[in-house]
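Chain residues, written in single-letter form:
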Amino acid sequence: MKLNFILFLSSTRAGKSYTGNGSWGERVGKLVKDRVVAAGHNVSVWDPRVLKFPLLEQPVQMIPDKSTIPQWIIDRQTEIQEADGFLTCVGEYNAAIPPALVNMIDHFPPAAFRHRPCGKFTF
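All values reported here derive from a predicted model rather than from experimental measurement.

Helices and strands together make up the secondary structure of the chain, namely four helices and four strands. Put simply, the chain runs from its N terminus to its C terminus through helices and strands in the order β-α-β-α-α-β-α-β. Rg of the C-alpha trace for the chain: 15 Å, near the compact-globule value of 14 Å for 123 residues, within the 12% margin. Overall, the C-alpha framework of the chain stretches about 50 × 35 × 25 Å when taken along its three principal axes. A burial count over the chain gives 39% of its 123 residues as buried. Partitioning the intrachain contacts of the chain with sequence separation of at least 6 by distance along the chain shows that 79% fall at a separation of at least 24. By element, 57% of the accessible surface of the chain is carried by carbon and sulfur atoms, the whole surface being about 7700 Å². If you average the places of the 14 positive and of the 11 negative side-chain charges in the chain, the two averages end up 8 Å apart.

Glancing now at the packing of aromatic side chains. Per the stated rule, a full pass over the model turns up eight aromatic pairs. Among the aromatic side chains, those forming a connected cluster through ring pairs are Phe8, Trp46, Phe53, Trp72, Phe86, Phe108 and Phe113. A cation over an aromatic ring shows up here: arginine 76 above the ring of tryptophan 46, its NZ or CZ 5.0 Å from the ring centre.

Attention now goes to the environment of alanine 96. If you trace the backbone, alanine 96 turns up in the loop between strand 3 (85-90) and helix 4 (99-105). Owing to a relative accessible area of 40%, alanine 96 belongs among the partly exposed residues under this scheme. Along the chain, alanine 96 and phenylalanine 123 lie 27 residues apart, while their C-alpha atoms are 13 Å from each other.

Our focus in this paragraph is the nonpolar core. With 17 residues, the main nonpolar core has Ile6, Phe8, Trp46, Ile80, Phe86, Phe108 and Phe113 as its most contacted residues. Going through the elements one at a time, strand 1 (4-9), helix 3 (71-82), strand 3 and helix 4 are the ones with two or more residues in this core. Not counting the four nearest positions on each side in its chain, isoleucine 6 is found in contact with Ser44, Trp46, Glu79, Ile80, Ala83, Gly85, Phe86 and Leu87. Phe5, Leu9, Val43 and Cys89 belong to the second-largest nonpolar core, a separate cluster that totals nine residues.

It is worth spelling out helix 1 (residues 24-38) at this point. Compared with the 21 Å implied by 1.5 Å per residue over 15 residues, the 21 Å span of helix 1 between its first and last C-alpha is a close match. Lining the buried residues of helix 1 we find strand 1, strand 2 (42-46), strand 3 and strand 4 (118-122). Immediately downstream of helix 1, the backbone of glycine 40 shows phi near 95°, a positive value.

What follows concerns the pairing of strand 1. For a regular strand, the rule is simple: side chains alternate between the two faces of the sheet. With five of six residues buried, strand 1 is to be regarded as a mostly interior element. Bridge count for strand 1 against strand 2 is five bridges, and the pairing is parallel. What sits directly across from phenylalanine 5, in strand 2, is valine 43. Looking at chain direction, strand 1 and strand 3 are connected through five bridges and run parallel. Its bridge partner being in strand 3, leucine 7 is matched across the sheet by leucine 87.

Rules and cut-offs
- Residues numbered from 1 in each chain as written.
- Predicted model: local features only at pLDDT ≥ 70, side-chain atom pairs only at ≥ 80, totals over all residues.
- Heavy atoms only, no water.
- Helix = DSSP H or I, 4+ residues; strand = E, 2+ residues; numbered from the N terminus.
- Rg over C-alpha atoms; globule rule 2.2 N^0.38 Å.
- Buried < 20%, exposed > 50% of the residue type's maximum accessible area, 1.4 Å probe, protein only.
- Contact = heavy atoms within 4.5 Å.
- Areas by Shrake-Rupley, 256 points an atom, 1.4 Å probe, with all protein chains shown as cover.
- Lys, Arg positive; Asp, Glu negative; His and termini not counted.
- Charge placed at Lys NZ, Arg CZ, Asp CG, Glu CD.
- Phe/Tyr/Trp six-rings, centres within 6.5 Å; stacked < 30°, edge-to-face > 60°.
- Lys NZ or Arg CZ within 6 Å of the ring centre and 35° of its normal.
- Core = buried A, V, L, I, M, F, W, Y, C linked by side-chain atoms within 4.5 Å.
- Expected span 1.5 Å × (residues − 1).
- Pairing = 2+ DSSP bridges.

What follows is the structure, given as structure tokens:
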């Protein structure tokens, strides 16, 4: 059975790391994606450097007039609803969760992620 996963990347750092080309986030994220795809599943990568979520002002569930929700948010919310599970690639960020990751996830209601498996890959 082919499953659909969303892989959340958290790092906004770009360029070379001290151990080679690409940031740790890019390298670990690619490894995770490649392994999941090799196992026969689908992976949608949510990279904060690519998706450029605006700074959260109001989460989707708190917007009174749903007709004002941008289409790109509706598309992402549909993708969350259709996902079989979630993967996060998280680097330590000053002893906290990376702000770019929190900003992406906080656009959507907590219930959107419930009752599905989650995996966390740290570096």
